[in-house]
Each structure stands twice: as structure tokens, then as C-alpha cells.
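# Structure at a glance
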Amino acid sequence: MGRSGYTCVRHVFCSLNVFVWLAGCAILGVGIWLRLAYEGYTNLLPQYSLMSADCTFIAIGVITFVVAFFGCCGAWFQSHCMLVTYFSLVIIMFLVEFMFATLAFAFRSWLGAFMVEELQSGIRHHYNTSSTNALHNLWSHVHKEFRCCGVVEYTDWYKISAWPKESWVPQSCCLPDFANNTDCGHSGSPDMWYPKGCSEQVQMWFLDRLHIVGIVGLVVAFIQLFGLISSMLLFCTVRHKRSGQTYKSYDHAS
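Residues numbered from 1 in each chain as written. Predicted model: local features only at pLDDT ≥ 70, side-chain atom pairs only at ≥ 80, totals over all residues. Heavy atoms only, no water.

Across its full length, the chain holds seven helices and zero strands. Of all 254 residues assigned to the chain, the portion counted as buried reaches 31%. Within the chain, contacts between residues separated by at least 24 positions form 62% of all contacts whose residues are at least 6 apart in sequence. For the chain, the computed accessible surface area is about 15300 Å², with 68% contributed by carbon and sulfur atoms. (Helix = DSSP H or I, 4+ residues; strand = E, 2+ residues; numbered from the N terminus. Buried < 20%, exposed > 50% of the residue type's maximum accessible area, 1.4 Å probe, protein only. Contact = heavy atoms within 4.5 Å. Areas by Shrake-Rupley, 256 points an atom, 1.4 Å probe, with all protein chains shown as cover.)

Printed below as a string of C-alpha cells:
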């Protein structure tokens, strides 16, 4: 690779990894903020606390931070060890993403049924009407945001541990016209509640924004592919200039 091409790739690679590093810091900050300010309010599955939004953001932020750090430092200091580490980490990330995507597609029916069952279990055993109950506040937000009630339908709320002998629903299930009626959730009248379950509404919300998910996936794939190619080019050039007898060393400051 010529000197000008090497310098261009190196600077672009460094700049891209600085941007990714900052993005990782931001994601990590959001995760820590959710953990400190809304502890427990980000988990619809109490029995799987590691799947909560705050833990997910923290994990993604840490991984992004570490990978971008190795990439940026490896290119800037022309360290073949860091470049190899970066290349290996990106390969591992790609393989893990591919594995999870393949498994999720292959077992999508089972995964959907499993999520529905676990959400219903959380409602039955962990929900209560206390204002300090994280699940209560989270479900209230989901009901109002997606205009839904329950996981599959409003009957998911019937005879749960919070009201074991009653066919009630939370007040947040009430339609806007009846939201001010304090007895709406206890009225036993489905006409006053959102008729659709939240799993259906969330699925429709996701499908309506599927193009955004696709664009994000393509951007992530492009960054990973560019990182793999660039790190390998930089590694080969650094190794060649250190081992070659007649190869002129590039200026580290260039």
C-alpha cells in the first residue's frame, strides 16, 4: 500500500473508531442512568433481570467501548497486537450476531410463545398495585404508549396474585374516554378497556419500523466490514515495514 493510501486508511479508520467509541460511551451512560434512576423499571421479565433494558445498554456500551478502543489505539500507535485483537473481536461479534440472528429466525415461533408465557408469568406472580412496584409503572407505560391491555388480551389480568379472586385490569387499560373513571379497571366491562393485547401492538409497531431496523443493521454491518478490511490492511503494512529491510518506515505522525 502506498504511503498516501496507508495514511488515508489509517486516519479514516481512527476517526471512525473514535466516533464508535463515543457512541459506546453514550450507550453505556444511558445504561448506567437507567440503572441508577429507574432501577427495576426497565424489566418486563422479573425472572430474567439480565434481559432488562439497563443491562442490555450497559453490555452493548462496554463491548462497543472496548472494541473501538483497540481499533483506535491500534491504528494510531501502529500496534499490530492491538490491530489483531480488534480484528479478532469484530470477527467474534459478527459470528455471535449471525448465530443469534439465525437461531432467532429458526426458532421464531418458539421464541414468541416463550416471551408471551414469561410476560404472563410476570403479570401473574410479580405485579402489584403499589406505586413503588416497578412492574406496575412499566406496564402502565406500555398500556398507554401502545394502547393495549395485557399480553395477548385483557383476560391476562384476571385473577392474578395481586387480586386473586377478581376479574380486574389495571387503570391504565382504560380507554381515554374512561381514563378519569376511578372504577374503570374494576368495572368488569371490557367495552371500557383497550381490546388488543400488547404483544400484537408491539409487533405491529416493530413491523411499521422494520425499514429502520434494516438500515441500522446495514450500517452496523458496513462498519464491521470496513473495520475488518482496514485493520487487516493496517496490520499487514505495519508488519511489512517492521520486517522489511528496504522498506522505508512511515512517519508515526503522518
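Tracing the sequence through the fold places Gln120 in helix α4 (residues 108-126). Taking the relative accessible area as the measure of exposure, Gln120 reaches 18% and is therefore buried. A distance of 3.0 Å separates polar atoms of two side chains, one belonging to Gln120 and the other to Asp156. (Polar contact = N/O pair within 3.5 Å; in protein donor to acceptor, adjacent residues only side chain to side chain.)

As a further point, take the nonpolar core. Core analysis: the biggest nonpolar cluster contains 21 residues, and Tyr127, Trp139 and Trp157 have the highest contact counts within it. Secondary structure elements with two or more residues in this core: α4 and α5 (134-146). If one sorts the elements of this core by residue count, α5 sits on top with three residues. By size, the runner-up hydrophobic cluster in this structure holds ten residues, among which are Phe13, Cys14, Ala75 and Leu234. (Core = buried A, V, L, I, M, F, W, Y, C linked by side-chain atoms within 4.5 Å.)

Sequence positions flagged by UniProt for "transmembrane region" (unreviewed entry) are, in local numbering, residues 12-36, 56-77, 84-107 and 212-238. A helix fraction of 95% and a strand fraction of 0% characterise residues 56-77, whose end C-alpha atoms lie 32 Å from each other. Across residues 212-238, helical content stands at 100% and strand content at 0%; the span's end C-alpha atoms are separated by 38 Å. (UniProt positions renumbered as here; feature names shortened; annotations may be inferred.)

Relative orientation of the contacting elements helix α2 (residues 53-76) and helix α3 (residues 80-106) amounts to 145 degrees, with a least axis distance of 8 Å. The two elements α2 and α3 meet at a crossing, and its hand is left-handed. Across the interface between the two elements, Ile63, Val66, Val67, Phe70, Gly71, Cys73, Gly74 and Ala75 of α2 pack against Met82, Leu83, Thr85, Tyr86, Leu89, Val90 and Met93 of α3. Partitioned by chemical class, the residues of the contact of α2 with α3 number twelve nonpolar, three polar and no charged. (Axes fitted to C-alpha atoms, helices over the stretch in contact; angles between N-to-C directions. Left-handed = near helix turned anticlockwise from the far one by under 90°. Nonpolar A, V, L, I, M, F, W, Y, C, P; charged D, E, K, R; others polar.)

Attention shifts here to the pattern of salt bridges. Pairing between side chains becomes possible if they bear opposite charge and their charged atoms approach one another. All chains considered together, the criterion is met by one salt bridge. Between Asp54 and Arg35 there is a salt bridge, and its shortest N-O distance comes to 3.4 Å. With Asp54 in helix α2 and Arg35 in helix α1 (residues 3-37), the pair connects residues that are 19 residues apart, well separated along the chain. By relative accessible area, Asp54 is classed as buried at 2%. (Salt bridge = Lys/Arg side-chain N within 4 Å of Asp/Glu carboxyl O.)

Turning to the confidence of the model for the chain, a few remarks are in order. Chain-level pLDDT for the chain is 84 on average; 87% of the residues reach the 70-or-more range. Contacts of residues 245-254 to residues separated by more than four positions or lying in other chains number 22 contacts, the stretch itself having pLDDT below 50. (pLDDT = per-residue confidence, 0-100.)

Attention shifts here to the packing of aromatic side chains. What the rule picks out here adds up to twelve aromatic pairs. Between the aromatic rings of Trp110 and Phe114, the centroid separation amounts to 5.3 Å while the plane-to-plane angle is 15 degrees, which identifies the pairing as stacked. Of the two residues, Trp110 and Phe114 are both situated in helix α4; the distance of four residues between them amounts to about one turn of the helix. A relative accessible area of 55% places Trp110 in the exposed class. Residue class for Phe114 comes out partly exposed when judged on its relative accessible area of 21%. (Phe/Tyr/Trp six-rings, centres within 6.5 Å; stacked < 30°, edge-to-face > 60°.)

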